[in-house]
Amino acid sequence: MRLTRYFLPVLKETPSEAQIVSHRLMLRAGMIKQAAAGIYSWLPLGFKVLRKLEDIVHEEQQRAGHIPMLMPTLQSADLWRESGRYDDYGEEMLRIKDRHGRDMLYGPTNEELITDIFRSHVGSYKDLPLTLYHVQWKFRDEIRPRFGVMRGREFFMKDGYNFDLTKEAALHAYNRHLVSYLRTYERMGLQAIPMRADGGPIGGDYTHEFLVLAETGESEVFYDSAVTDLSFGDRQIDYDDHAQCAAVLEEFTSKYARTDETHDEALFNEVPEERRRSARGIEVGQIFYFGTKYSEAMGATVQGPDGQVVPVHMGSHGIGVSRLLGAIIEASHDERGIIWPEGVTPFHVGIVNLKQGDAEADAACEALYASLTALGLEPLYDDRDERAGGKFATMDLVGLPWRITVGPRGLKNGVVELTSRRSGESEELPPEEAVQRLVQIYAGRA
Ligand SMILES: Nc1ncnc2c1ncn2[C@@H]1O[C@H](COP(=O)(O)OP(=O)(O)OP(=O)(O)O)[C@@H](O)[C@H]1O
Ligand SMILES: [Mg+2]
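Residues numbered from 1 in each chain as written. Chains lettered and ligands numbered in written order. Predicted model: local features only at pLDDT ≥ 70, side-chain atom pairs only at ≥ 80, totals over all residues.

## Considerations on the overall build of the protein chain
For step 1, the next point in the chain: A tally of regular secondary structure across the protein chain gives 14 helices and 23 strands.
For step 2, the next point in the chain: For a compact globule of 446 residues, the expected C-alpha radius of gyration is about 22 Å, and the protein chain comes in at 24 Å, within 12% of that figure.
For step 3, the next point in the chain: Taking all 446 residues of the protein chain together, 42% fall into the buried category.
For step 4, the next point in the chain: Look at the contacts in the protein chain between residues 6 or more apart in sequence, and 73% of them connect residues 24 or more apart. (Helix = DSSP H or I, 4+ residues; strand = E, 2+ residues; numbered from the N terminus. Rg over C-alpha atoms; globule rule 2.2 N^0.38 Å. Buried ≥ 20, exposed ≤ 12 C-beta atoms within 10 Å, placed from the backbone. Contact = placed C-beta atoms within 7 Å.)

This is the structure in structure tokens:
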């Protein structure tokens, strides 16, 4: 993409309505525009990152054997009356009447709809286990939408639902989700710590929330600092292997890590004092096992191997895809702007032409652009006729992890400059070598 042809409405001033850094930076970098309280348009740059996150979520869910589909945003109230949640959900649910006076709602979550799909089509244990998921917009009429996309009213969420014959099988699905979520967040350059949580209106005894530590987080958390040393890395997982998935759950959840809702002072005090931490965190996902709560209420049953008809065991599992943009920025920025992790960056590299209009500099930038593109990398080329300072400021704000700077002086010596946004370190090298370096950096990630 060439900047002169892109739509990147960068703001010079810091917007006064934004209280936290990720919201400020998303507005300044031209990623989102508020349409109404807690409702945003995703401008091209924001949309690009949102899609990248969605792609990672899809890849990791399918790697775990979960099946993608798409349910609508608008739902009929009837199903929610069956489960009893039409009344329970309260004011957070946006209720709508259609022209025939029928009660509809904008889905805050999808347990009812998916259970209805399941009961219409599945009747035998032979079709289990089954995990279906989608990534779709949700609406919750939050009393205080704030912090930009972090607490929106309309937000983008992955929600998945497992159907299993037994509790034991459903708990394997729970573990599988925990493993796939660990992988997902790490690919996004985030450490998200699974913490014991509270069931809330969805219900259930088995539930973990995934929290990204950040001062601006809305949750209070307590943990053993040893949990922050854990990392999933690139270990290979066989998602059908119950013992292997259970071992990962054990490894990542046996140390103390809880939100204030489940915090237990006595247990916490058993952690060696120098490792006890209290901090704030952003909830970026949650997994639940809730047994037969919905399947019993809505008649989602299967015939077991013994011929008996039994309600299925279910769980639901969510990732806050749009909130993740804010969480990533909270975790990765400096005073000049965003610093995207390589796995989610909207463009792989920025090209800054220090002397637009100089025949050699222009040609070198075009050649870089062409070879990067041919190798499957996406550059953002700042081809505006602007001062170098302004170009650097835009690149730093937008936060691409790598920048190639091209100027007549370097070209005389056959070199360009490759700069890391994170470390600020630069290196002079021939253009072909800069391209090769980027190919290596993004190998397996682009
Ligand atoms: N208002 C919102 N704006 C953006 N993302 C949200 C919002 N509410 C929930 N999410 C995201 O969706 C994920 C799954 O939804 P879940 O039902 O667990 O939310 P929740 O526990 O009600 O969230 P919270 O406690 O933050 O209100 C959450 O972990 C979070 O990342
Ligand atoms: Mg939650």
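## Here's the deal with the nonpolar core
For step 1, the next point in the chain: Formed by 102 residues in total, the largest nonpolar core has its most connected members in L53 and V406.
For step 2, the next point in the chain: Tallying contributions element by element places helix 6 (residues 167-187) first for this core, with nine residues.
For step 3, the next point in the chain: Each of domain 1 (3-337) and domain 2 (347-442) accounts for three or more of the residues forming this core.
For step 4, the next point in the chain: Not counting chain neighbours up to four residues away, the residues in contact with V406 comprise I351, V352, N353, L354, A361, A364, C365, L368, L411 and V416. (Core = buried A, V, L, I, M, F, W, Y, C linked by C-beta atoms within 7 Å. Domains from an automatic or database assignment.)

## Section: the pairing of strand 10 (residues 206-213)
For step 1, the next point in the chain: Within strand 10, seven of the eight residues are buried, which leaves the element mostly enclosed by the surrounding structure.
For step 2, the next point in the chain: Note that strand 10 and strand 13 (residues 276-291) share eight bridges and pair antiparallel. Following the sheet pairing, L213 is matched in strand 13 by G281. (Pairing = 2+ DSSP bridges.)

## Topic: the domain arrangement of the protein chain
For step 1, the next point in the chain: Partitioning the protein chain into structural domains gives domain 1 (3-337) and domain 2 (347-442).
For step 2, the next point in the chain: A straight line from the C-alpha centre of domain 1 to that of domain 2 covers 37 Å.
For step 3, the next point in the chain: Contacts between the two partners involve eight residues from domain 1 and, on the opposite side, 10 residues from domain 2.
For step 4, the next point in the chain: Residue classes in the side of domain 1 that touches domain 2 are distributed as four nonpolar, two polar and two charged. (Nonpolar A, V, L, I, M, F, W, Y, C, P; charged D, E, K, R; others polar.)

## Remarks on the sheet that holds strand 22 (residues 416-420)
Strand pairing in a sheet is mediated by backbone hydrogen bonds. Such pairs are either parallel or antiparallel.
For step 1, the next point in the chain: The five strands are arranged 20-19-21-22-23 in an open sheet whose pairing can be described as mixed. A strand with exactly one partner marks an edge of an open sheet, and here the two such strands are strand 20 (379-382) and strand 23 (426-429). Neighbour to neighbour, the strand axes of the sheet diverge by 20° on average, direction disregarded.
For step 2, the next point in the chain: Pairing between strand 19 (residues 349-353) and strand 20: four bridges, direction parallel. Paired with V352 across the strands is D382, a residue of strand 20.
For step 3, the next point in the chain: Along the sheet face, helix 11 (residues 359-374) touches strand 19, strand 20 and strand 21 (402-406) and points at about 165° away from the line of strand 19.
For step 4, the next point in the chain: Where helix 14 (residues 431-442) meets the sheet, it contacts strand 19, strand 21, strand 22 and strand 23, and its direction lies at approximately 25° from that of strand 22. (Axes fitted to C-alpha atoms, helices over the stretch in contact; angles between N-to-C directions.)

## Comments concerning the sheet that holds strand 5 (residues 94-97)
For step 1, the next point in the chain: Overall, antiparallel pairing links the three strands, which are arranged 4-6-5 in an open sheet. Taken across any chain shown, the strands that pair with only one partner, and hence form the sheet edges, are strand 4 (74-76) and strand 5. Going from strand to strand, the sheet's axes swing by 35° on average, the running direction of each strand aside.
For step 2, the next point in the chain: One ladder, built from three bridges, connects strand 4 with strand 6 (residues 103-106); its direction is antiparallel. Pairing of Q75 across the sheet is with L105, part of strand 6.

## Let's talk about the packing of helix 11 against helix 14
The description of two packed helices rests on the angle between their axes and on the distance between the axes.
For step 1, the next point in the chain: Close contact between helix 11 and helix 14 brings their axes to 10 Å; oriented N to C, the two are set at 30°. Relative to helix 14, the element helix 11 lies roughly parallel. Here helix 11 and helix 14 pass one another in a crossing that is right-handed. Taken together, the residues of helix 14 that come into contact with helix 11 (itself represented by A364, A367, L368, S371 and L372) are P431, V435 and L438.
For step 2, the next point in the chain: Within the contact of helix 11 with helix 14, the residues separate by chemical class into seven nonpolar, one polar and no charged. (Parallel < 35°, antiparallel > 145°, perpendicular 65-115°, else oblique. Left-handed = near helix turned anticlockwise from the far one by under 90°.)

## A short note on the site of ligand 1
For step 1, the next point in the chain: The environment of ligand 1 is formed by 15 residues, the closest being F155, Q286, G318, G320 and R323.
For step 2, the next point in the chain: Mapped onto the shell around ligand 1, the elements with two or more residues apiece are strand 8 (154-164), strand 13, strand 16 (313-320) and helix 10 (321-331).
For step 3, the next point in the chain: A total of four residues in the shell around ligand 1 trace back to one element, the largest contributor, which is strand 13.
For step 4, the next point in the chain: Split by residue class, the shell around ligand 1 holds three nonpolar, seven polar and five charged. (Near = placed C-beta within 6 Å.)

## Thoughts on the pairing of strand 21
For step 1, the next point in the chain: By the criterion of burial, strand 21 is predominantly enclosed, with five of the five residues buried.
For step 2, the next point in the chain: The alternating pattern of strand 21 places W402, I404 and V406 on one face and R403 and T405 on the opposite face, and all of these are buried.
For step 3, the next point in the chain: Where strand 19 meets strand 21, four bridges bridge the pair, whose relative direction is parallel. When the sheet's bridge partners are listed, V352 is paired in strand 21 with T405.
For step 4, the next point in the chain: Both strand 21 and strand 22 contribute to a ladder of four bridges, which runs antiparallel. Opposite T405, over in strand 22, you have E417 as the bridge partner.

## Let's talk about the packing of helix 1 (residues 21-28) against helix 10
For step 1, the next point in the chain: One can describe the packing of helix 1 onto helix 10 by two numbers: an axis separation of 8 Å at closest approach and a directional angle of 105°. Taken together, helix 1 and helix 10 sit at an angle that is classed as roughly perpendicular. In this structure, helix 1 contributes V21, S22, H23, L25 and M26 to the contact, and helix 10 contributes L325, G326, I329 and E330.
For step 2, the next point in the chain: Residue composition of the contact of helix 1 with helix 10, grouped by class: five nonpolar, three polar and one charged.

## Re the environment of I282
For step 1, the next point in the chain: Examined against the element boundaries, I282 turns out to sit in strand 13.
For step 2, the next point in the chain: Judged by local crowding, I282 falls into the buried class, with 28 C-beta atoms found within 10 Å.
For step 3, the next point in the chain: Distance from I282 to A393, taken between C-alpha atoms, is 29 Å for residues 111 residues apart in sequence.
For step 4, the next point in the chain: The residues contacting I282, other than those within four sequence positions of it, are M150, L211, V212, A214, G217, A327 and E330.

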